[in-house]
Amino acid sequence: MHKDTIVIREIELKDDAKIAEAIRSVLIEMGVPKVGTAYEDKALDCMTETYREPRKAYFVVAQGEDIIGGAGISPLDNYKGNICELQKMYFMPEARGKGLGSKMMEKCLNFAKQAGFEQCYLETMPYMDDARKLYRKVGFESIEKPMGDTGHYSCSVWMLKDL
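Residues numbered from 1 in each chain as written. Predicted model: local features only at pLDDT ≥ 70, side-chain atom pairs only at ≥ 80, totals over all residues. Heavy atoms only, no water.

### Topic: the sheet that holds strand β6 (residues 141-143)
Here comes step 1: The strand order β1-β2-β3-β4-β5-β7-β6 describes an open sheet built from seven strands, whose pairing is mixed. Each edge of the sheet is formed by a strand with only one pairing partner; in this case those strands are β1 (6-10) and β6. In this sheet, adjacent strand axes meet at a mean angle of 25° when their direction is disregarded.
Here comes step 2: Here strand β2 (residues 57-63) pairs with strand β3 (residues 66-75) via seven bridges, running antiparallel. Residue pairing across strands places A57 opposite I73, the latter belonging to β3.
Here comes step 3: In the packing of helix α3 (residues 100-114) onto the sheet, contacts are made with β1, β2, β3, β4 (83-91), β5 (119-124) and β7 (157-162), and the angle to β4 comes to roughly 155°. (Pairing = 2+ DSSP bridges. Helix = DSSP H or I, 4+ residues; strand = E, 2+ residues; numbered from the N terminus. Axes fitted to C-alpha atoms, helices over the stretch in contact; angles between N-to-C directions. Contact = heavy atoms within 4.5 Å.)

Here you go:
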């Protein structure tokens, strides 16, 4: 795989089934529970529509017609405050170790700042070491309890970053 053939762009309708398949594949690979995580989110099958609303964006990592990763920003569900959530950031094995995570974080956090959010929240799993390392690298800090109500009750690591 050549790095220069990979682009990060906003999701398009043609990407919906591919990103849903990629996310579910990574979740299975990582041993993430299918209940109480992004695996069962109805939004996975209609990502373009889900992220079409104001102050929301979803970006995909595309290599030609293949979708090998993605991540999005959305206002934090069931929370009163100006906080967004980094959502559904997953990369297929062929997209890892190439600096794409850092580029995706930059794209998402820039969008969040431009959308006027003050902080960014995320939820992850304790054994997703590479992801947590990346989150810490860009300034996320661990917090004691979840914020809002995302429905992802199986996620037990919560992080927050000032924008």
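And the narrative resumes.
### What to know about unusual backbone geometry
Here comes step 1: With a phi close to 55°, N78 is a non-glycine residue in the positive phi region.
Here comes step 2: In this structure, N78 sits in the loop between β3 and β4.
Here comes step 3: With a phi close to 50°, K88 is a non-glycine residue in the positive phi region.
Here comes step 4: With respect to the helices and strands, the residue K88 is situated in strand β4.

### Some thoughts on the nonpolar core
Here comes step 1: Counting 49 residues, the largest nonpolar core has I19, I73, L86 and M89 as its most contacted members.
Here comes step 2: Counting only elements with at least two residues in this core, the list comes to α1 (16-29), β2, β3, β4, α3, β5, α4 (129-137) and β7.
Here comes step 3: Per-element tally for this core: the top contributor is α3, with seven residues.
Here comes step 4: For M89, the residues in contact, after removing those within four places along its chain, are G70, A71, G101, M104, M105, L134 and Y135.
Here comes step 5: Of all hydrophobic cores here, the second largest spans six residues; its members include I83, Y121, W158 and L160. (Core = buried A, V, L, I, M, F, W, Y, C linked by side-chain atoms within 4.5 Å. Buried < 20%, exposed > 50% of the residue type's maximum accessible area, 1.4 Å probe, protein only.)

### Thoughts on the packing of α3 against α4
Here comes step 1: Two elements in contact, α3 and α4, have axes whose closest approach is 11 Å; the angle formed by their N-to-C orientations is 50°. When the axis of α3 is compared with that of α4, the two are oblique. The way α3 lies across α4 gives a crossing that is right-handed. Here G101, S102 and M105 of α3 come into contact with α4, specifically with L134, Y135 and K137.
Here comes step 2: Per-class residue counts for the contact of α3 with α4 are three nonpolar, two polar and one charged. (Parallel < 35°, antiparallel > 145°, perpendicular 65-115°, else oblique. Left-handed = near helix turned anticlockwise from the far one by under 90°. Nonpolar A, V, L, I, M, F, W, Y, C, P; charged D, E, K, R; others polar.)

### Description of the packing of aromatic side chains
Here comes step 1: By the definition in use, this model includes three aromatic pairs.
Here comes step 2: Plain terms: the ring middles of F59 and F111 are 6.3 Å apart, the flat faces sit at 75° to each other, and that makes the pair edge-to-face. One end of the pair, F59, is in strand β2; the other, F111, is in helix α3, with 52 residues separating them in the sequence. Taken as a pair, F59 and F111 share a single burial class, namely buried.
Here comes step 3: With 6.0 Å between their ring centres and 65° between their planes, Y135 and F140 make a pair best called edge-to-face.
Here comes step 4: Residue Y135 is classed as buried on the basis of its relative accessible area of 6%.
Here comes step 5: We note R55 situated over the ring of F117; from NZ or CZ to the ring centre the distance is 3.8 Å. (Phe/Tyr/Trp six-rings, centres within 6.5 Å; stacked < 30°, edge-to-face > 60°. Lys NZ or Arg CZ within 6 Å of the ring centre and 35° of its normal.)

By themselves these figures say nothing about function.
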